Amino acid sequence: MKPLSVADWPRIALPGSRVFIGSGAACPQLLVEHMLGAQNSLADIELAHIRTYGPTPWIEEKRRHIFRANAFFMGPGIRDAVNAGVADYTPCFLSELPSLFLEGVVPLRAALVMVSPPDRQGYCSLGVSVDVVHAACRAAQVVVAQINPRLPRTFGETFLHTSEIDYCLEAEAELPEWAPDSADAVVADKIGEYLAQLVEDGSTLQVGIGDIPDRAIRALKDHKHLGVHTEMFSDGVRSLIECGAVDNSAKRINRGDTVASFCVGSRTLYDFVHENAHISFRPTEYTNNIAQIAKNRKVVAINSAMEVDFTGQVAASVSGQFYSGIGGLMDFTRGAVLSPDGLPIIALPSTAQDGASSRIVPFLSEGAGLVGSRADIHFVVTEYGIATLRGRNVRERALELIQVAHPNFREELLRSARERNLITAYEKLVPRPVKEIGGVDFQRIRIRDRDYVLRPLHPSDERNLQEFFYSHTAETIQKRYGYSVQRMSRERASELVGVDQEKDLALGVFERRGPRQRLRAVGRYYLEEDGQTAEVAFVVHEEMRRHGMGSLLLQRMMAIAGRRGLDSLWALVSPDNTPMLRLFEKHEGKRVGGISDGMVHIRIPLSSNK
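This one's a predicted model, so the numbers in the text were calculated from it and none came from an experiment. For every chain, the first residue of the written sequence is number 1, and numbering continues from 1 onward in sequence order. This being a predicted model, a pLDDT of at least 70 is required before a residue's local features are given, and a value of 80 or more before pairs of side-chain atoms are given or counted; all residues contribute to the totals for chains, interfaces and linings. Note that water and hydrogens are dropped before the side-chain values are worked out from all heavy atoms of the structure.

So, the state of the cysteines
Here is the idea: a disulfide is a covalent bond, and it sits between the sulfur atoms of two cysteines. Whenever a pair of cysteine sulfur atoms sits within 2.5 Å, that pair is classed as a disulfide. Within the structure shown, the criterion is met by zero disulfides. Sulfur of Cys124: no disulfide; nearest cysteine sulfur belongs to Cys168 and is 8.5 Å away. The thiol sulfur of Cys243 is not disulfide-bonded, and the nearest other cysteine sulfur, from Cys263, lies at 17 Å.

So, in structure tokens, the structure goes:
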């Protein structure tokens, strides 16, 4: 390792060669400036890199006759240059990029990297960016390092011996910092509330690059025994470690350690990872390896996107303009799919362009960059809810996604789905939220050691309700639906789940079975013409009776009816239906008159709920 001088650059960056620039927050800015200062002695150099943080002076117009950038993943600056045609973009999985370097598919003459000062044994650390830098150092013919005392010394596969460094430049510099955009805070926090309902204790998290994933995961602070095997380590992940939600105790591999390939965030984060033995920085050929990811149970891959179409296709760029790249989204999505009980999730705001356009679209825009196929994503989460895609046909997917689109676009999206024959003519009602619920309308509950979900019925629950109906005994059908009801057609089921939730109310208790939910109980009320009272009715599956589901549904309906200003709920109950009579009486229900037409009239006052 010898000190670098300007005169060394013609020997390092040969004419027509390719030079790698270190990535992320460890982009060696002062080393790059040193090279740019010698540009008059260089010729036709390709600069290869993934996303870097900080300025990108190598793409300035005055340097284009010498340097041309080739990005494998883009950030600001380089993105504009690529779309302007003055820089290149090479699509690539980050799990694959190291092999392109090492196998000579993309040969490297030199690698410019940032390292920490060497220890007594002569080992430097690659610090906060191991990712593809590790492979670039092994593949390059010449390694040039900026030795920066401000770079955290991290553990894992981060070490580079001084004997492996050909030239060095000692230059202290602060690392660039990054934080999620505060303008997205309200939306991200709401998305986080829904994520918290999906993620189970003991899950292993991967958090993608972006404002939404980083901020949304902070809602997991009350979870237990979470693990981390991720690409990006951010302040959001740090917060989960510090509050005790992440301890990595349930992981099957690297138990006890947080695994990441790079780190970007605040100075507090950089100090946190400095000499932290429980954070293992590994190269992307390991962190993004699908087989390694899938070894852990309950892998939850949380990534973002620009668009999702009705069929579940996911785009990372739109309208023919490159935005970022493929990155690790597909690596971790497939790893989560193959992980036992894994959840591949796309989390994104419902709108773009300050609310002017919907991110849930009938079909991807022309020139969109596909990063997720129809079979890859299990859940799409926006600030309006959770769309379940796994095992759903395209009609159900369209209805699920319209349900989580921004309300301003739902009518237009429903019309488009109908015009494309993705949904049937009888599915006309635009889904509306139950505003009185507040917070998220998706509540996880535990009943007798089983997981259930309490939420409003959605138009996409048509098949769920039909299966629920045909699971009943003949006696239940007669008592709950009427003697004349013999079947539950799709159209009738659609009417029952597609209620106007701003007027009437239909809630369901669903048993969770992976990403699918099996309907086990329904509670609904129908508003009377006077606007002050509503008829209430329940159907609980025979296997689920005496589990408290009826009481749970009644309590929730009473609370919502009270917030809507109703005076009372009422029901007609068979005199021999003792459990139902007791349920109503438990909640202050009173009998009105005697038995009439073989039924007992029950009235439940709601004055205390107003």
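Brief notes about the sheet that holds strand E20 (residues 314-317)
Backbone hydrogen bonds are what pair the strands of a sheet, in a parallel or an antiparallel way. Strand pairing follows a simple DSSP-based rule, namely that at least 2 bridges must link the two strands. Helix and strand assignments follow DSSP, with helices taken as H or I runs no shorter than four residues and strands as E runs no shorter than two, numbered in order from the N terminus. Pairing within the open sheet is mixed, and its four strands lie in the order E24-E19-E20-E25. Looking at strand neighbours, the two that pair on one side only are strand E24 (360-361) and strand E25 (369-372), the edges of this open sheet. Relative to E24, strand E19 (residues 307-309) is paired through two bridges, and the arrangement is parallel. Bridge pairing in E24 links Val308 to Ile360.

Re the packing of aromatic side chains
Centre distance within 6.5 Å is the pairing criterion for rings of Phe, Tyr and Trp, where only the six-membered ring of Trp is used; planes under 30 degrees apart are then read as stacked, over 60 as edge-to-face, and the remainder as tilted. For the structure shown, the criterion picks out eight aromatic pairs. Aromatic side chains Tyr123 and Phe159 sit 6.4 Å apart centroid to centroid with 75° between the ring planes, which places their arrangement in the edge-to-face category. A residue pair is termed long-range when its members are at least 10 positions apart, and Tyr123 in strand E7 (residues 123-125) and Phe159 in strand E10 (residues 159-161) qualify at 36 residues. Judged by relative accessible area, which is 36%, Tyr123 ranks as partly exposed. Residue burial is assigned from relative accessible area. The probe radius is 1.4 Å, only protein chains are included, and a residue is buried under 20% of its type maximum, exposed over 50%, and partly exposed in between. Overall, Phe159 belongs to the partly exposed group, its relative accessible area being 32%. Their ring planes at 85° and their centres at 5.0 Å tell us that Phe469 and Tyr470 sit as a pair that is edge-to-face. Accessibility expressed as a relative area gives 0% for Phe469, which makes it buried. Relative accessible area serves as the criterion here: at 46%, Tyr470 is assigned to the partly exposed category. Among the aromatic residues, ring-to-ring pairing joins Phe20, Phe72 and Phe101 into one connected group. Two limits define a charge over a ring: the Lys NZ or Arg CZ must be within 6 Å of the ring centre, and within 35 degrees of the ring normal. Directly above the aromatic system of Tyr384 lies the positively charged group of Arg410, at a separation of 5.6 Å from the ring centroid. Over the ring of Phe510 we find Arg455, and its NZ or CZ is 4.0 Å from the ring centre.

What about the pairing of strand E26 (residues 379-382)?
Both faces of the sheet carry side chains from a regular strand, because those side chains alternate between them. Alternating residues of E26 divide into Phe379 and Val381 and Val380 and Thr382, and every residue in both groups is buried. Of the pairings in the sheet, the one linking strand E21 (residues 343-347) to E26 comprises three bridges and is parallel in character. What sits directly across from Ala347, in E26, is Val381.

Topic: helix H2 (residues 29-36)
Across the eight residues of H2, six count as buried, placing the element largely inside the fold. Buried within H2 we find Gln29, Leu31, Val32, His34, Met35 and Leu36.

Concerning the sheet that holds E21
With respect to topology, six strands assemble into an open sheet ordered E13-E12-E18-E21-E26-E27, the strand pairing being mixed. Bordering the open sheet on either side are strand E13 (227-228) and strand E27 (385-388), each of which pairs with just one other strand. Strand direction decides the pairing type here: E26 and E27, joined by four bridges, are antiparallel. Counted as the bridge partner of Val381 is Ile386 from E27. Here, two residues are considered to be in contact whenever any of their heavy atoms come within 4.5 Å of each other. Only C-alpha atoms enter the line fits that serve as axes; for helices the fit covers just the stretch in contact. Angles between N-to-C directions range over 0 to 180 degrees. Packing of helix H6 (residues 185-198) onto the sheet brings it into contact with strand E18 (299-303), E21, E26 and E27, and relative to E26 it is tilted by some 145°.

Here's the deal with unusual backbone geometry
With a phi angle near 65°, Asp341 is a residue other than glycine that sits in the positive phi range. Position of Asp341 relative to the elements: it lies in the loop between helix H12 (329-338) and E21. Backbone geometry places Asn421, a non-glycine residue, at a positive phi of 60°. Within the element layout of this structure, Asn421 appears in the loop between helix H14 (407-419) and strand E28 (443-447).

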